[in-house]
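# Reading the structure
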Amino acid sequence: MNKVTMLHEGKAKKVWQTDDPDLIIQEFKDDATAFNNKKKGSIADKGVTNNAIASRLFTMLGENGIPTHFVSKLNDRDMLCKKLDIIMVEVVTRNVAAGSLVRRYGFTEGAVLKQPIVELYLKDDDLDDPLMNEAHAVELGLATHEELALLKELAEKINSLLVAWFAERKLRLVDFKLEFGRHKGEIFLGDEISPDTCRFWDAESGEKLDKDRFRLDLGGVEDAYSEVKKRVLEQ
Ligand code: TMP
Ligand code: ASP
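- Under an unreviewed UniProt entry, the name given to the protein chain is Phosphoribosylaminoimidazole-succinocarboxamide synthase, and the source organism is Chlorobaculum parvum.

What follows is the structure, encoded as structure tokens:
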């Protein structure tokens, strides 16, 4: 499968059209940004690590009945995927208070939520990805009520699968962000699932093993990513 033209260059990936109109290649880069591009850097081998992690997770989710865009891992940095018409909504699911939930509502970091919270954000860098509700998303013409209900149902199901799967690897899934898209009239999970898009805390020590190490200048960023990769691929 060949890269024909670059369709899009995002902050962490390039997306290529292949010679099959239904298939694209996601090329994972080492570039890292935070706070909507205000902080920029690079994390050594992040692309290789995230491609490996996301490929494993998409495979596991697919085996458990979740429709994903994943077709195959082509090489270290390239993932072959179904071409989606991306829904411009970021779906964040939270199990434990951290990040913007702490900043916005005053939760104590680490507080366990009574039940997972699913949030919608508008995927628009110029507007700083604002938090929104279903009515905003429908009014903006991003998705129908039915589609949003399906996204929430899928996010909750994916959360249950991931929480259990990571627990076996001694990782606590604090929160994560998903993106979905349409392909031939069906909705599929797209983008990636990786330490860029999730918060993982070591189940015993509570150590942060995700992009927060970069966002908050905690050091040991590469080591954290490779630790997650090791646990994800070992079992
Ligand atoms: P937040 O606490 O900053 O709102 O982030 C919630 C989760 O979503 C966290 O796991 C990181 C992830 N995330 C992204 O993947 N992309 C983003 O642009 C943001 C803001 C968060
Ligand atoms: N991905 C977003 C950015 O690059 C935010 C983040 O992950 O913190 O700005």
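## Some thoughts on the overall build of the protein chain
- In terms of helices and strands, the protein chain carries 6 helices and 15 strands.
- Against the 2.2 N^0.38 benchmark of 18 Å for 235 residues, the protein chain shows a C-alpha radius of gyration of 17 Å, consistent with a compact globule.
- Each principal axis of the C-alpha atoms in the protein chain carries an extent, and together these give about 45 × 40 × 35 Å.
- Here the protein chain holds 235 residues, and 50% of them are scored as buried.
- Looking at the protein chain alone, contacts between residues at least 24 apart form 56% of all its contacts between residues at least 6 apart.

## Thoughts on the pairing of strand 10 (residues 112-122)
- The pairing of strand 9 (residues 89-96) with strand 10 spans 7 bridges and is antiparallel. Its bridge partner being in strand 10, E90 is matched across the sheet by Y121.
- The sheet contact formed by strand 10 and strand 11 (residues 131-132) spans 2 bridges and is antiparallel. Pairing of Y121 across the sheet is with L131, part of strand 11.

## Focus: the sheet that holds strand 13 (residues 180-183)
- Read from one edge to the other, the open sheet built from 3 strands follows the order 8-13-14, with strand pairing classed as antiparallel. Two strands bound the open sheet, and with one partner strand each, they are strand 8 (85-86) and strand 14 (186-189).
- Sitting on the sheet, helix 4 (residues 145-167) is in contact with strand 13 and strand 14, with an inclination near 35 degrees to strand 14.

## Some remarks on unusual backbone geometry
- The phi dihedral of N36 is positive, around 50 degrees, even though this residue is not glycine.
- With respect to the secondary-structure elements, N36 resides in the loop between strand 4 (31-34) and strand 5 (39-42).
- Positive phi, normally seen in glycine, also occurs at D45, with a value near 65 degrees.
- With respect to the helices, strands and loops of the structure, D45 is situated in the loop between strand 5 and helix 1 (46-63).

## Some words on the packing of aromatic side chains
- Taken as a whole and judged by the stated rule, the model has 3 aromatic pairs.
- Relative to F70, the ring of F58 has its centre 6.2 Å away and its plane inclined at 25 degrees; by these criteria the two rings are stacked. One end of the pair, F58, is in helix 1; the other, F70, is in strand 6 (residues 70-73), with 12 residues separating them in the sequence. Of the two residues, F58 and F70, both sit in the buried class.

## Brief notes about the pattern of salt bridges
- Going through the model one piece at a time under the given rule, you end up with 29 salt bridges.
- Residue D196 pairs with K46 through a salt bridge whose shortest N-O separation is 2.6 Å. Taken together, the positions of D196 in the loop between strand 14 and strand 15 (198-202) and K46 in helix 1 put the pair 150 residues apart, joining distant regions of the chain. Neither D196 nor K46 differs from the other in exposure class; each is buried.
- Connected via shared salt-bridge partners are K13, K123, K177, E179, D191 and E192.

Reading the values: the criteria
- Residues numbered from 1 in each chain as written.
- Chains lettered and ligands numbered in written order.
- Predicted model: local features only at pLDDT ≥ 70, side-chain atom pairs only at ≥ 80, totals over all residues.
- Heavy atoms only, no water.
- Helix = DSSP H or I, 4+ residues; strand = E, 2+ residues; numbered from the N terminus.
- Rg over C-alpha atoms; globule rule 2.2 N^0.38 Å.
- Buried < 20%, exposed > 50% of the residue type's maximum accessible area, 1.4 Å probe, protein only.
- Contact = heavy atoms within 4.5 Å.
- Pairing = 2+ DSSP bridges.
- Axes fitted to C-alpha atoms, helices over the stretch in contact; angles between N-to-C directions.
- Phe/Tyr/Trp six-rings, centres within 6.5 Å; stacked < 30°, edge-to-face > 60°.
- Salt bridge = Lys/Arg side-chain N within 4 Å of Asp/Glu carboxyl O.

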